[in-house]
Amino acid sequence: MTNAAYVCEQIKAAKAVCILCHTRPDGDTLGSAFALARVCRVLGTPARVLLADPPAARLSFLCCPDFLAAPGQPDELVISVDVASPAQLGSLCETWCDRVDLKIDHHATAVPFGRFCWVEPDAAATGELIYEIAREAGARDARTADLIYAAVCSDTGGFRYSNTTARSFGVAADLILWGANVADVAERLFDRQSVGECRAIGDVYANMRFACGGRLVSVLIPAERRAALGTTEEDYSNASALLRTVEGVELSVSIRQQSDQPTKYRVSMRSRDPIDCAALCARLGGGGHVRAAGATLTAPGPAQAEEQIIRLCAEVFHA
Ligand SMILES: [Mn+2]
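Keep in mind that this is a model prediction, so the values were computed, not measured. Here the residue index of a chain counts from 1 through its sequence in written order. Only residues with pLDDT of at least 70 get local features here, since the model is predicted, and only at 80 or more are side-chain atom pairs given and counted; chain-wide, interface and lining totals rely on the full set of residues.

Looking only at helices and strands, one finds 13 helices and 11 strands in the chain. All radius of gyration figures rest on C-alpha atoms, and the globule criterion is 2.2 Å times the number of residues raised to 0.38. For a compact globule of 319 residues, the expected C-alpha radius of gyration is about 20 Å, and the chain comes in at 20 Å, within 12% of that figure. Each of the three principal axes of the chain carries a C-alpha extent, and together these read 55 × 40 × 40 Å. Any pair of residues counts as being in contact when their C-beta atoms, constructed from backbone geometry, are within 7 Å of one another. Considering only residue pairs separated by 6 or more positions, the chain has 65% of its internal contacts joining residues 24 or more positions apart. Numbering of helices and strands runs from the N terminus, with a helix taken as a DSSP run of H or I at least four residues long and a strand as a DSSP run of E at least two residues long.

Printed below as a string of structure tokens:
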């Protein structure tokens, strides 16, 4: 039996399904979760989706309110999607991390949890696995296709990143046949920016700091500066990806001080071949993918956080 067939059997046998997303939900975890909820409905099992954090406004088109509002039921089958480790469940972890039945994920740094794990590090997105489940279940409608397409599009940067494979395009081709609106999804994911995000872009480029002969670039984003600019921490979610576009840069890092916990810093990295961001972030207790990873750092002040990160990152150029 394939994994997809097994997941469908489990869903059919369950009284209800509860689907868990990771913290700071991205297009992959949201698209995968709501597509899977629709699959459950097609298989005759009610489903709900739980989010530890509210989605960014840009991604709210992926959320189906009826699955968010659905009440909990006893003996739910619990499925996590795109969640690499229990810690990534955030506030959901306390109640749910020991109750996960099926873990569906594609992170190479995935920590096994749950009764049954389906983890494919070669899949560009968890959406590629959800596609197999939807196909198996016969849930091939346009809305489901849009959700899965958004998941794959999101994690591949619009089918441009190095994780993109023939399989990704094969999945996309099928989703178009199911009715996915590729132009609409891509426009919503990549061609819309809030005023705050535009201000953040200006701030990132104005505060670039180069090291290692221009191969390493970082930006420190203190809470105080965000308050002065009227930007939020989320407005900077693309900062490290923006900096990777700078000519000569091989590793880019954004360091965002948390507003509610000023000694905590959210670190996000992007790299070019062969630099392994996941390995660097793992040394800070974080994880992710080879070209895109993140971690959380504790430091007494912004300058110390920045020095610590630059020192760590500079090691890859001096090895
Ligand atoms: Mn993903």
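Pairing is parallel across the open sheet formed by five strands, whose spatial order is E2-E1-E3-E4-E5. Where the open sheet ends on each side, the last strands, each with one partner, are strand E2 (47-50) and strand E5 (116-119). Ignoring which end each strand starts from, the neighbouring axes of this sheet average 20 degrees apart. Any two strands are treated as partners once DSSP identifies two or more bridges connecting them. Summarising the sheet, strand E1 (residues 17-20) and E2 pair through four bridges and their orientation is parallel. When the sheet's bridge partners are listed, Ile-19 is paired in E2 with Val-49. Helix axes are fitted only over the stretch in contact, all axes being lines through C-alpha atoms; the angle between N-to-C directions runs from 0 to 180 degrees.

Right, let's get into unusual backbone geometry. Leaving glycine out, the prevailing phi sign among residues is negative, and the prevailing peptide bond configuration is trans. For the peptide bond that leads from Asp-273 to Pro-274, omega is 5 degrees, which places it in the cis range. Summarising the element assignment, Pro-274 is placed in the loop between strand E9 (264-271) and helix H12 (277-282). With phi around 55 degrees, Asp-75 is a residue other than glycine that occupies positive phi space. By the element assignment, Asp-75 lies in the loop between helix H3 (65-69) and strand E3 (77-81). We call a residue exposed when 12 or fewer other C-beta atoms sit within 10 Å of its C-beta, buried when the count reaches 20 or more, and partly exposed for counts in between; the C-beta positions come from the backbone. On the neighbour-count criterion, Asp-75 (8 C-beta atoms within 10 Å) is exposed.

Right, let's get into the nonpolar core. Core analysis: the largest hydrophobic core is formed by 62 residues, its most contacted members being Ile-19, Phe-34, Leu-36, Ile-133, Ile-148 and Tyr-149. Filtering out sequence-adjacent residues up to four positions away, Ile-19 remains in contact with Ala-33, Leu-36, Ala-37, Ala-47, Val-49, Ile-79 and Val-81. Defined on buried residues, the nonpolar core groups Ala, Val, Leu, Ile, Met, Phe, Trp, Tyr and Cys residues joined through C-beta atoms within 7 Å. In this structure, Val-204, Leu-216, Tyr-236 and Cys-277 belong to the second largest nonpolar core, which totals 27 residues.

Here six strands make up an open sheet; going across it, the order is E6-E7-E8-E9-E11-E10 and the pairing mixed. Because the sheet does not close on itself, it has two edges, and the strands there are strand E6 (209-211) and strand E10 (287-288). As paired strands, E9 and strand E11 (residues 292-298) are joined by seven bridges and run antiparallel to one another. Residue pairing in the sheet places Val-267 in a bridge with Ala-295 of E11.

What follows concerns helix H6 (residues 142-155). Helices are assigned an expected span. That span is 1.5 Å times one less than the residue count. Along its 14 residues, H6 runs 20 Å from first to last C-alpha, staying within 8% of the 20 Å computed at 1.5 Å per residue. Residues of H6 that are buried include every one of Thr-144, Ala-145, Asp-146, Leu-147, Ile-148, Tyr-149, Ala-150, Ala-151, Val-152, Cys-153, Ser-154 and Asp-155, and no others. Gly-157 lies just past H6 and shows a positive phi near 60 degrees.

Buried within helix H1 (residues 3-13) we find Ala-4, Val-7, Cys-8 and Ile-11. Projected down its long axis, H1 shows its buried positions confined to an angular sector of 100 degrees, all on one face. Taken together, the buried residues of H1 touch E1, helix H2 (27-42), E3, strand E4 (102-105) and helix H5 (126-137). Comment: arc refers to directions from the helix axis out to C-beta atoms.

For any two helices packed against each other, one specifies the inter-axial angle together with the distance between the axes. H6 packs onto H2 with a crossing angle of 160 degrees between their chain directions and a minimal axis gap of 7 Å. Classified by the interaxial angle, the pair formed by H2 and H6 is roughly antiparallel. In the crossing of H2 with H6, the sense of the turn from one axis to the other is left-handed. Here Gly-27, Asp-28, Gly-31, Ser-32, Phe-34, Ala-35 and Arg-38 of H2 lie close against H6, whose contacting residues are Arg-143, Thr-144, Leu-147, Ile-148, Ala-150, Ala-151, Ser-154 and Asp-155. Our angle categories are set so that under 35 degrees counts as roughly parallel, over 145 as roughly antiparallel, 65 to 115 as roughly perpendicular, and the remainder as oblique. Crossings are assigned a handedness: left-handed for a near helix turned anticlockwise from the far helix by less than a right angle, right-handed for a clockwise turn.

Attention now moves to the environment of Asp-26. Structurally, the position occupied by Asp-26 is in the loop between E1 and H2. Judged by the 21 C-beta atoms lying within 10 Å of it, Asp-26 is buried. Between the alpha carbons of Asp-26 and Pro-55 there is a distance of 7.6 Å; along the sequence they are 29 residues apart.

On to the domain arrangement of the chain. Per the domain assignment, the segments of the chain are domain 1 (3-190) and domain 2 (195-318). Each of domain 1 and domain 2 was reduced to a C-alpha centroid, and the two centroids are 28 Å apart. Residue-level contacts link nine residues of domain 1 with seven residues of domain 2. Under the scheme applied, nonpolar residues are Ala, Val, Leu, Ile, Met, Phe, Trp, Tyr, Cys and Pro; charged residues are Asp, Glu, Lys and Arg; polar residues are all the others, including Gly. Residues of the side of domain 1 that touches domain 2, tallied by class, amount to four nonpolar, five polar and no charged. An automatic or database domain assignment is the source of the domain bounds shown.

Here the focus is the pairing of E1. Here E1 shows a buried face lined by Val-17 and Ile-19 and a second buried face lined by Cys-18 and Leu-20. Call a crossover right-handed when, viewed with both strands pointing away from you, the route from the first strand across the helix to the second goes clockwise. Taking the sense of rotation as the criterion, the β-α-β connection linking E1, H2 and E2 turns out right-handed. Summarising the sheet, E1 and E3 pair through four bridges and their orientation is parallel. Bridged to Cys-18 within E3 is Val-78.

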